Number of protein chains: 2
Amino acid sequence: MTVIDDPQAAPTTPVVPGPLPPSVGGIPEARSYRLKQKVLGPALHTDQLEHQRLGKPTALAVFASDALSSTAYASEEILRALVPAIGFLAFTAFLVPITGVLVAVLVILVFSYRQTIKAYPSAGGAYIVTKDNLGLLPAQVAGVALLTDYILTVAVSVSAGMAALYSAVPFFYPYRVPMALGFIAVIAWGNLRGVKESGRIFAVPTYAFIVSMFLMIIVGVTRGVMNGFATIPPPDGHIAIGTGVVTIVLLLKGFASGGAAMTGVEAISNGVPAFKKPEAKHARQTLMIMGVCLGTLFLGISFLAAKYQAVPSEKTTVISEVARQAFGGGPVGHAIFFFVQAATMLILVLAANTSFADFPRLASFHADDAFMPKQLTKRGHRLVFSNGIIALAVAAAIPVLLFQADVSHLIPLYAIGVFTSFTLSQAGMSVRHVKLKEPGWRLGLFVNGLGAVTTLVVTLVIGWMKFSHGAWFIIILVPVMVALLMRLNKQYEHEAVELIHDVDDAIGTPVLPRHSVLVMVGDVDRPTARAIQYARTMHADETRAVHLAADPEHALDLARKWEQLGLTRVPLDIVDCPDRRIERALLDVVCEELSGDRTEVSVLIPKREYKHFWHRLLHDQTSRKLAKALAQVPHANVTLVPYHLGSIHISDEEWEAFHASKQPHH
Amino acid sequence: MTVIDDPQAAPTTPVVPGPLPPSVGGIPEARSYRLKQKVLGPALHTDQLEHQRLGKPTALAVFASDALSSTAYASEEILRALVPAIGFLAFTAFLVPITGVLVAVLVILVFSYRQTIKAYPSAGGAYIVTKDNLGLLPAQVAGVALLTDYILTVAVSVSAGMAALYSAVPFFYPYRVPMALGFIAVIAWGNLRGVKESGRIFAVPTYAFIVSMFLMIIVGVTRGVMNGFATIPPPDGHIAIGTGVVTIVLLLKGFASGGAAMTGVEAISNGVPAFKKPEAKHARQTLMIMGVCLGTLFLGISFLAAKYQAVPSEKTTVISEVARQAFGGGPVGHAIFFFVQAATMLILVLAANTSFADFPRLASFHADDAFMPKQLTKRGHRLVFSNGIIALAVAAAIPVLLFQADVSHLIPLYAIGVFTSFTLSQAGMSVRHVKLKEPGWRLGLFVNGLGAVTTLVVTLVIGWMKFSHGAWFIIILVPVMVALLMRLNKQYEHEAVELIHDVDDAIGTPVLPRHSVLVMVGDVDRPTARAIQYARTMHADETRAVHLAADPEHALDLARKWEQLGLTRVPLDIVDCPDRRIERALLDVVCEELSGDRTEVSVLIPKREYKHFWHRLLHDQTSRKLAKALAQVPHANVTLVPYHLGSIHISDEEWEAFHASKQPHH
């Protein structure tokens with residue numbers, strides 16, 4: 001029997017009823033963190049956040065991959081809209097003109113974005129421009145539309161990349177879906193690590209693609225002019241022609257399908273600060289170069305496809321047919337063909353990578369403005385917005401799975417989002433010109449106004465033509481998402497205001513006149529001893545032990561032991577608990593203690609900490625359940641007093657005594 | 001600017017910087033609990049735990065369903081072993097003799113268990129008997145073998161029940177697996193609710209089965225004797241005969257296959273206390289009746305199957321063929337046939353139910369002896385061992401899924417476990433007779449010795465004959481499981497000894513000479529105010545606020561605000577955290593504070609409590625992460641100081657001020 005000494009008296013040799021605390025830095029890293037270090041590389045410090053500056057050639061490679069890569073499927077998508085209805089007429093009369101109209105839209109877009117770059121040299125994405133000029137709500141629409149589009153860019157680009165692969169090597173066709181998912185995972189992993197040398201990685205495939213495409217167009221056109229253009233026989237020997245009637249609706253459908261070529265044009269305006277000084281000037285020049293490349297390639301590919309009459313089929317892309325035809329069948333032609341396909345595949349995968357840079361940043365803008373979960377603003381292990389990267393990878397995997405990596409099924413969802421954000425961004429620029437009236441604002445207003453009207457018309461055409469093919473989903477999704485984000489924002493704002501409400505007075509709140517400490521006791525053991533030691537440190541007005549008696553026999557036994565201990569300063573309170581719902585019983589005890597609003601209650605729960613994960617599994621988590629229940633009660637302050645098992649050496653005598661007490665009795 | 005008053009002075013009107021505490025009983029029940037109430041019925045109090053006493057007829061129904069139901073498939077399994085090898089010879093020469101040998105084993109078992117009932121009138125299951133006489137390790141083997149068998153009883157019985165169903169109504173054949181899983185779920189649910197009226201539920205199907213089986217045998221034999229036994233044409237018009245050679249191994253295979261009929265014989269000895277007084281006498285009489293019924297039915301069914309030459313097939317059971325033949329084809333015969341099938345299905349489902357009563361109880365015995373997780377000893381909402389019930393349902397669903405509810409594939413796994421536990425239990429009884437030498441011990445030793453040897457031989461035969469068909473899995477599983485349980489026991493024992501090591505001294509441990517309180521601060525807001533109010537309640541030797549600065553700008557801002565507050569008693573300590581790993585930074589702070597083993601550290605973490613689940617999702621769980629990291633450190637006592645959001649009304653002026661501060665700046 002032990003009698004407690006006076007807690008006020010200074011003890012001479014403190015006995016710790018558990019292991020000693022570790023020294024600074026003496027706690028090993030968690031296994032999950034060590035794994036993270038291995039998979040993602042060493043952690044980066046916040047001050048290592050830096051911006052790479054890009055020269056024009058590299059910048060073109062980095063920012064243009066998304067836009068240029070869409071030429072890999074844009075002409076084909078126009079044909080897919082026209083050929084089934086009007087057959088060869090699509091090639092002879094309409095493919096090139098429709099491409100021409102789209103290139104005209106591109107020209108308007110390029111000139112519009114030159115204005116944006118001038119006005120927003122630090123970051124001129126649609127979200128910022130719209131927020132700045134039209135307000136937060138339209139900015140949410142522009143942002144959500146763009147985010148949707150980034151998700152689809154990943155899905156479309158990776159799927160088109162797989163199409164480039166299996167057009168060259170048909171063996172891969174059955175594996176396109178898992179391979180597409182694999183590529184998404186690899187790109188996400190690279191971005192989680194932080195793609196440092198992004199410039200170099202981008203330059204090779206982008207320039208390989210540009211060069212090979214120009215080569216294809218030049219060789220194809222030259223050969224065609226000299227020897228005439230040989231048409232490619234359709235896969236089944238003939239093509240089925242539908243009505244054969246050319247209607248406005250049909251041409252608009254072709255136009256809407258080709259609109260996907262315009263995605264990615266906004267990339268440069270988002271990334272102006274990454275250019276070498278003078279940023280705006282370099283960015284505008286790069287934008288022009290990109291526009292020229294994109295327009296020329298798009299027209300050239302459409303021209304050759306029209307001349308060759310390349311019919312779209314399931315397992316080969318139109319662009320691969322064109323390349324095969326342009327370079328001819330010899331060994332050199334074959335080698336170049338495979339090179340073109342490889343370059344196409346790589347630039348498409350890179351285009352997906354662009355979304356992985358843009359989506360997390362845009363999502364962090366939303367989150368900074370409290371329109372998306374705060375977690376999206378958090379920089380991870382390698383200073384990238386990890387949560388945004390993971391969210392994008394998961395979101396992009398869904399359409400790939402749903403549509404089995406089929407580009408044609410994904411395209412109708414695509415482009416409507418990007419043209420919505422173009423429209424809002426250009427409208428924002430127009431408003432800005434009117435508001436600020438800077439020098440040359442009239443020209444600017446004309447350019448951006450034309451851009452806004454054009455893109456609005458394109459948006460409406462795409463929405464109308466592709467409505468039943470999947471655009472309806474985006475048209476519903478965007479407003480629903482915006483409504484959700486507004487709700488989220490309201491919640492965040494309410495919290496923010498509530499948290500600082502009258503905070504100066506709150507900080508000065510005097511302490512409550514009474515402090516009561518309840519020590520939860522299950523048994524007379526070392527964790528209990530530890531909790532009592534800590535409880536006595538608090539010098540509360542009242543300290544007592546509480547046992548929630550789910551097992552009446554055990555409770556009686558405990559009461560007897562407690563009496564033997566002679567713990568007069570810490571009386572034991574046994575609370576009957578016939579329904580075994582100890583959480584409810586504890587809530588009642590604590591609420592009773594708190595009644596009158598003048599008491600602060602500390603509930604000390606001894607918590608056993610185990611050395612190994614599986615040891616913990618062998619016990620029910622009573623301490624956690626109690627703490628969770630008490631979290632509902634204001635002024636109930638729960639302390640988990642840890643007791644670390646596995647630190648005491650057990651002597652042989654103790655073991656013998658224990659086993660003797662366990663022998664079965666007859 | 002607010003200056004804190006003297007915390008020692010009694011405050012007159014305490015201001016609470018959060019909502020007021022609720023009154024006793026004022027906290028609503030959790031949604032999960034309300035759902036539980038609906039699904040499982042109102043909670044039962046511990047004192048409502050009572051034992052039903054059963055009369056002999058009801059007891060026979062409750063305890064015999066498992067054993068009797070196995071006659072529904074035992075004869076068929078013997079035929080499945082013989083017919084493919086020796087064709088019609090199986091019917092004409094071997095089915096009835098093999099059944100006869102098995103019935104002889106049954107007789108030995110019944111007499112052996114009469115001894116067990118006499119010796120263990122309170123509970124004579126294999127686990128208890130083996131533990132009592134052979135020790136804890138053999139008891140684990142017996143227990144694990146039986147537990148495995150209970151799992152398989154559920155799988156086999158439910159699958160055989162489905163076979164009875166689709167033999168009568170072939171429409172159900174394709175749905176047998178989901179229906180079997182559905183039955184397991186329903187039985188588990190019924191047992192979680194606590195099957196109160198078990199006696200009544202059992203009586204009807206069990207007696208319906210007994211009566212219909214006897215009726216079938218009497219009608220079948222009478223008709224056969226009068227008009228001769230008409231054989232059933234085999235499904236394909238003929239049966240393929242293998243080697244046609246009769247070997248010892250072949251007959252042993254047939255014997256091993258029929259051994260499944262013996263499962264469930266031990267049920268009565270487990271449940272003696274449930275009988276009306278005098279319990280042992282009634283139990284022994286019921287055992288005899290059950291033995292006679294089981295033997296007669298088994299022999300009768302085998303006899304008719306042999307006479308009718310009922311060839312086993314995939315979609316109809318042998319017993320359904322026998323019933324169809326015995327009752328003839330008229331409308332009355334058809335009606336009786338469906339009745340027989342219904343009774344067969346019901347008794348098989350009930351047999352599964354028996355396992356749901358036995359498995360959780362046996363698992364709780366293991367857990368009581370610290371050989372299985374403690375959670376298995378916990379009585380749930382309705383006073384049943386809920387965790388055991390759920391574990392059994394999940395475990396039984398696996399073989400049903402794996403073998404697509406095919407009885408023949410499950411049988412080889414079955415029976416070996418039950419015969420292992422028979423052997424150990426009978427060996428235990430033999431040892432007991434030798435040790436105690438009670439009156440009549442010589443006869444007892446003979447009976448139980450014969451039982452032990454017989455069951456050992458049967459165990460070896462089954463293990464040998466069925467080894468390659470699946471018994472190998474059980475032969476590996478049981479020792480592996482036993483080894484695991486031994487490891488578990490060692491862990492539990494070590495914990496138990498460590499927890500009470502030197503506990504009297506530990507309880508008297510004096511308080512540590514220094515108490516330091518660290519208040520984790522993220523911002524100057526109401527949760528921080530609340531944590532500081534609580535911190536000052538503690539009257540510690542040192543109290544300071546700690547900010548882990550992952551964002552240096554925010555930290556500077558906080559430091560400025562803190563200075564303005566004039567909180568001189570609670571200085572702010574800003575800890576640089578350039579790697580954004582605030583858990584590690586906090587660990588270092590706390591370990592530094594603890595150094596010297598003479599300090600008790602209280603870490604107060606303000607924790608926002610949200611009204612709705614989704615509100616919480618909008619924030620990262622920093623407080624939880626910090627608490628989890630600190631759980632590794634002895635003498636670091638973490639208190640989560642709750643702040644409950646959603647209680648403060650925000651005035652319009654406050655909203656305006658907030659929005660004004662949020663306007664974008666040009």
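Residues numbered from 1 in each chain as written. Chains lettered and ligands numbered in written order. Predicted model: local features only at pLDDT ≥ 70, side-chain atom pairs only at ≥ 80, totals over all residues. Heavy atoms only, no water.

S.K.: I'd like to hear about the overall build of chain A, residue by residue, with values.
M.R.: Assigned secondary structure in chain A consists of 25 helices and five strands. Against the 2.2 N^0.38 benchmark of 26 Å for 666 residues, chain A shows a C-alpha radius of gyration of 35 Å, more extended than a compact globule. Along the first, second and third principal axes, the C-alpha set of chain A runs to 110 × 65 × 50 Å. Counting across all 666 residues of chain A, residues that qualify as buried make up 56%. In chain A, the share of contacts with a sequence separation of at least 24, taken over all contacts with a separation of at least 6, comes to 82%. (Helix = DSSP H or I, 4+ residues; strand = E, 2+ residues; numbered from the N terminus. Rg over C-alpha atoms; globule rule 2.2 N^0.38 Å. Buried < 20%, exposed > 50% of the residue type's maximum accessible area, 1.4 Å probe, protein only. Contact = heavy atoms within 4.5 Å.)

S.K.: Got a sec to walk through the relation of the copies chain A and chain B? Specific residues and values, please.
M.R.: Note on the identical chains: chain A maps onto chain B by a rotation of 180 degrees and an axial translation of 0.0 Å, with an RMSD of 0.1 Å. Taken together, these values place the two copies in the relation of a two-fold axis. Considering only C-alpha atoms, the part of chain A nearest the rotation axis is Thr639 of chain A, at 2.1 Å. (Least-squares fit on C-alpha atoms with pLDDT ≥ 70 in both.)

S.K.: So, empty space enclosed by the protein: which residues are in play, and what are the values?
M.R.: All names here are of chain B. This structure, assessed with the given rule, holds five cavities of 30 Å³ or more. Size it by volume and the largest cavity reaches roughly 90 Å³. If you go around the largest cavity, the residues you meet are Gly125, Ala126, Tyr127, Leu146, Tyr150, Asn270, Asp358, Arg361, Leu362 and Phe365. Looking at the lining of the largest cavity, the elements that each hand over two or more residues are α5 (126-134), α6 (136-168) and α13 (331-368). For the lining of the largest cavity, the element with the most residues is α13, which contributes four residues. (1 Å grid on protein atoms, 1.4 Å probe; cavity = no way out; pocket = protein on both sides within 12 Å on 5 of 7 lines; lining within 4 Å. Points joined across faces, edges and corners; volume = space filled by probe spheres on them.)

S.K.: I'd like a description of the confidence of the model for chain A, backed by residues and values.
M.R.: All names here are of chain A. In the predicted model, chain A carries a mean pLDDT of 87, and the fraction of residues at 70 or more is 94%. Under a pLDDT of 50 for its full length, residues 1-15 has, in the predicted model, 32 contacts with residues more than four places off or in other chains. The complex prediction reports pTM at 0.81, with the ipTM value standing at 0.82. (pLDDT = per-residue confidence, 0-100.)

S.K.: Account for the layout of surface pockets, naming residues and giving values.
M.R.: Empty space among the atoms becomes visible once a probe the size of a water molecule is rolled across them. Residues and elements named next belong to chain B. Volume-wise, the second largest pocket comes out at about 990 Å³. Taken together, 37 residues make up the lining of the second largest pocket; nearest its centre are Thr148, Ile151, Phe473, Ile474 and Leu477. When contributions to the lining of the second largest pocket are tallied by element, the ones reaching two or more residues are α3 (74-86), α6, α9 (248-258), α13, α14 (386-402), α15 (407-410) and α18 (471-500). A total of six residues in the lining of the second largest pocket trace back to one element, the largest contributor, which is α18. Its residues assigned to classes, the lining of the second largest pocket shows 27 nonpolar, six polar and four charged. (Nonpolar A, V, L, I, M, F, W, Y, C, P; charged D, E, K, R; others polar.)

S.K.: Summarise the environment of Ala367 of chain A; cite the residues concerned and give the values.
M.R.: All names here are of chain A. With respect to the helices and strands, the residue Ala367 is situated in helix α13 (residues 331-368). Owing to a relative accessible area of 0%, Ala367 belongs among the buried residues under this scheme. For the pair Ala367 and Ser70, spaced 297 residues apart in the sequence, the C-alpha separation amounts to 30 Å. Beyond its immediate stretch of four places on either side in the chain, Ala367 contacts Met372, Pro373, Lys374, Leu376 and Thr377.

S.K.: Which residues make up the side chain of Gln309 of chain B, and what values do they have?
M.R.: Position of Gln309 of chain B among the secondary structure elements: in the loop between α11 (279-308) and α12 (318-327). Accessibility expressed as a relative area gives 16% for Gln309 of chain B, which makes it buried.

S.K.: Please set out the environment of His539 of chain A residue by residue, giving values where relevant.
M.R.: Residues and elements named next belong to chain A. Among the secondary structure elements, His539 is positioned in the loop between α20 (526-537) and β2 (542-549). On the basis of relative accessibility, which here comes to 38%, the residue His539 falls in the partly exposed class. Distance from His539 to Val517, taken between C-alpha atoms, is 9.1 Å for residues 22 residues apart in sequence.

S.K.: Lay out the interface of chain A and chain B with the relevant residues and their values.
M.R.: On the side of chain B, 125 residues touch chain A, which itself brings 125 residues to the contact. Of the roughly 11,600 Å² buried at the junction of chain A and chain B (both faces included), carbon and sulfur atoms supply 60%. In this assembly, chain A and chain B are joined by six salt bridges. Notably, a salt bridge pairs Arg581 of chain A with Glu29 of chain B, separated by 2.8 Å at the nearest N-O pair. Joining chain A to chain B, the criterion identifies 39 residue pairs in polar contact (both at pLDDT 80 or more). (Buried area = accessible area lost by both parts, 1.4 Å probe. Salt bridge = Lys/Arg side-chain N within 4 Å of Asp/Glu carboxyl O. Polar contact = N/O pair within 3.5 Å; in protein donor to acceptor, adjacent residues only side chain to side chain.)

S.K.: Before we move on, could you go through the sheet that holds strand β5 (residues 636-644) of chain B and cite the residues and values that matter?
M.R.: The strand order across the open sheet built from ten strands is β3(A)-β2(A)-β1(A)-β4(A)-β5(A)-β5(B)-β4(B)-β1(B)-β2(B)-β3(B), with neighbouring strands paired in mixed fashion. Each edge of the open sheet carries a strand with a single partner, namely β3 (572-576) of chain A together with β3 (572-576) of chain B. Here the strands of the sheet are splayed against their neighbours by 30 degrees on average, with no regard to which way each runs. Note that strand β4 (residues 599-609) of chain A and strand β5 (residues 636-644) of chain A share nine bridges and pair parallel. Across the sheet, Ile605 of chain A pairs through a bridge with Leu640 of chain A, a residue of β5 of chain A. Sheet strands touched by helix α24 (residues 622-630) of chain A: β2, β4 and β5 of chain A. Its angle to β4 of chain A, the strand with the most contacts, is close to 155 degrees. (Pairing = 2+ DSSP bridges. Axes fitted to C-alpha atoms, helices over the stretch in contact; angles between N-to-C directions.)

S.K.: For the packing of aromatic side chains, give the residues involved together with the corresponding values.
M.R.: Enumeration according to the criterion identifies 26 aromatic pairs over all chains in this entry. For the pair Phe229 of chain A and Phe303 of chain A, a centre-to-centre distance of 5.8 Å together with 85 degrees between the ring planes defines the contact as edge-to-face. Of this pair, Phe229 of chain A sits in the loop between α8 (198-227) and α9 (248-258) while Phe303 of chain A sits in helix α11 (residues 279-308), placing them 74 residues apart in sequence. Of the residues examined, Phe229 of chain A reaches a relative accessible area of 23% and is grouped as partly exposed. Residue class for Phe303 of chain A comes out partly exposed when judged on its relative accessible area of 29%. On the numbers, 4.9 Å between centres and 90 degrees between planes, the contact of Tyr166 of chain B with Tyr173 of chain B is edge-to-face. Judged by its relative accessible area of 8%, Tyr166 of chain B is buried. What makes Tyr173 of chain B buried here is its relative accessible area of 12%. Taking NZ or CZ as reference, Lys374 of chain B lies 5.4 Å from the ring centre of Tyr492 of chain B, over its face. Above the face of the Trp441 of chain B ring, Lys437 of chain B is positioned so that its terminal group lies 5.2 Å from the ring centre. (Phe/Tyr/Trp six-rings, centres within 6.5 Å; stacked < 30°, edge-to-face > 60°. Lys NZ or Arg CZ within 6 Å of the ring centre and 35° of its normal.)

S.K.: Outline the pattern of salt bridges, listing residues and values.
M.R.: All names here are of chain A. Applying the stated rule across the entire model yields 32 salt bridges over all chains. Glu542 serves as the salt-bridge partner of Arg544, at 3.3 Å between the closest nitrogen and oxygen. When its relative accessible area of 13% is taken as the criterion, Arg544 is described as buried. Residues joined by salt bridges that share partners form a network here, namely Arg514, Glu542, Arg544, Asp573 and Glu593.

S.K.: Go over the packing of helix α2 (residues 56-69) of chain A against α13 of chain A, please, and point to the residues and values.
M.R.: All names here are of chain A. Where α2 contacts α13, the axes come no closer than 8 Å and their chain directions differ by 120 degrees. For α2 against α13, the interelement crossing comes out left-handed. Each of Val62, Ser65, Asp66, Leu68 and Ser69 in α2 lies in contact with α13, whose residues at this interface are Ile347, Leu348, Leu350, Ala351 and Thr354. Along the lines of polarity and charge, the residues of the contact of α2 with α13 split into six nonpolar, three polar and one charged. (Left-handed = near helix turned anticlockwise from the far one by under 90°.)

S.K.: Report on the packing of helix α7 (residues 176-193) of chain B against α13 of chain B, specifying residues and quantitative values.
M.R.: Residues and elements named next belong to chain B. Packing of α7 against α13 leaves a shortest axis separation of 10 Å and a crossing angle of 50 degrees. In this view, α7 runs oblique relative to α13, as classed from their interaxial angle. By crossing handedness, the relation of α7 to α13 is classed as right-handed. Within the contact between the two elements, α7 uses Phe183, Ile184, Ile187, Ala188 and Asn191 and α13 uses Met345, Val349, Ala352, Asn353, Phe356 and Ala357. Grouping the constituent residues of the contact of α7 with α13 by class yields nine nonpolar, two polar and no charged. (Parallel < 35°, antiparallel > 145°, perpendicular 65-115°, else oblique.)

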